[in-house]
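Geometric and topological summary
If you want the building blocks of each chain, they are given just below.
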Amino acid sequence: GYKNARYRDQSNTFCTGGIHSTVGDLFKWSRALLSYKLLEKNLQDRMMTPQAAPYGYGLFIEKGKEWGIEKNIDLINHGGSTTGYRAMIAMLEKGKYTIVLLGSSNLSRSGALAHSIARILYGQKGTAGNILGTAIAWKLVSEGEKAAIDMFEKNKANGFKNYLHNAYAYRTYA
């Protein structure tokens, strides 16, 4: 089973320890960023131009093939982690799809799950090693958000006995 981790003072952690957010807030941030509400166009264009490939100023600027997506899409993303947490945001095709993942364990595979969800969105097979996460992604695409959340909640209620998985809060917006 799970056990409590040692306490870690987050006050001295730069960036990862200084940001507190939610899936919904990160989605709003992505929409504001992609609609030039946060930066002037010339600054944002510089931010989203690879400086040290594939990295722009604070974001990875990639193509779908780098995530195993057959369609040659633009993909802007960044992940992050600190002790006990993992996160990933990916904006595909200038926000046609936005994937936001927040994991509450060092074992969370937010990057792999984001890659898997992105592949599923483009009609390909998901490949994340996280079996439940991939199953929920399929449920999300095939039956919608409510069905995916219901599936997650049912598995959470039985302690994830059928899956090696840690709780994710995520939502894919189309």
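First, a word on scope: everything that follows refers to the structure included in this document. The model shown is predicted, which means the values in this text are computed figures rather than measured ones.

A closer look at the overall build of the protein chain
- Each helix and strand in the protein chain was counted, giving five helices and five strands.
- When contacts within the protein chain are restricted to residue pairs at least 6 apart in sequence, long-range pairs at least 24 apart make up 41% of them.

Digging into the side chain of N77
- Following the sequence through the fold, N77 ends up in strand β2 (residues 74-82).
- Using a relative accessible area of 5% as the deciding quantity, one classes N77 as buried.
- A polar contact of 2.7 Å, which involves the side chain of N77, links it to the side chain of E62.
- Sequence-distant contacts of N77, defined by excluding residues within four places in its chain, comprise L59, F60, E62, W67, M88, I89 and A90.

Considering the pattern of salt bridges
- Tallied over the full model, the rule gives four salt bridges.
- We note a salt bridge from D74 to K63, for which the minimum N-O separation is 2.5 Å. Of this pair, D74 sits in strand β2 while K63 sits in strand β1 (residues 60-63), and the two are 11 residues apart along the sequence.
- With relative accessibility at 34%, the residue D74 sits in the partly exposed group.

Some points on the packing of aromatic side chains
- Considering all chains together, one arrives at two aromatic pairs under this definition.
- Their ring planes at 70° and their centres at 4.7 Å tell us that Y55 and F60 sit as a pair that is edge-to-face.
- A residue is classified by how much of its surface remains accessible, and F60, at 29% relative accessible area, is partly exposed.
- Plain terms: the ring middles of Y97 and Y122 are 5.6 Å apart, the flat faces sit at 85° to each other, and that makes the pair edge-to-face. Here the residue Y97 occupies a position in strand β4 (residues 97-103), and Y122 occupies one in the loop between α3 (110-121) and α4 (131-143), the gap between them amounting to 25 residues.

Considerations on unusual backbone geometry
- Of note, the bond from A53 into P54 is cis; its omega dihedral lies within 30 degrees of zero at 0°.
- Mapped onto the elements, P54 comes out in the loop between α2 (41-47) and β1.
- One non-glycine residue, Y36, lies in positive phi territory at about 60°.
- Within the fold, Y36 resides in the loop between α1 (23-34) and α2.
- The exposure class assigned to Y36 is partly exposed, which follows from its relative accessible area of 36%.

Criteria and thresholds
Along each chain, numbering runs from 1 in the same order as the chain's sequence is written. Two thresholds apply to this predicted model, a pLDDT of at least 70 for residue-level local features and 80 or more for giving and counting side-chain atom pairs, whereas whole-chain, interface and lining totals are computed over all residues. No hydrogens and no water enter the side-chain calculation; it runs on all heavy atoms of the structure. Elements are defined by DSSP. Helices are runs of H or I of four residues or more, strands are runs of E of two residues or more, and each kind is numbered from the N terminus. Contacts between residues were defined by any pair of non-hydrogen atoms, one from each residue, lying within 4.5 Å. When accessible area is computed with a 1.4 Å probe and restricted to protein chains, residues below 20% of their type maximum are described as buried, those above 50% as exposed, and intermediate ones as partly exposed. Polar contact criterion, stated in full: a pair of N or O atoms within 3.5 Å, where within protein one must be able to donate a hydrogen and the other to accept it, and residues adjacent in sequence count only if both atoms are side-chain atoms. The salt bridge criterion pairs a side-chain nitrogen of Lys or Arg with a carboxyl oxygen of Asp or Glu, the two atoms within 4 Å. Two rings from Phe, Tyr or Trp (for Trp, the six-membered ring) form a pair when their centres are within 6.5 Å of each other. A pair whose planes differ by under 30 degrees is stacked, one over 60 is edge-to-face, and the rest are tilted.

Coordinates in, geometry out; function isn't part of it.
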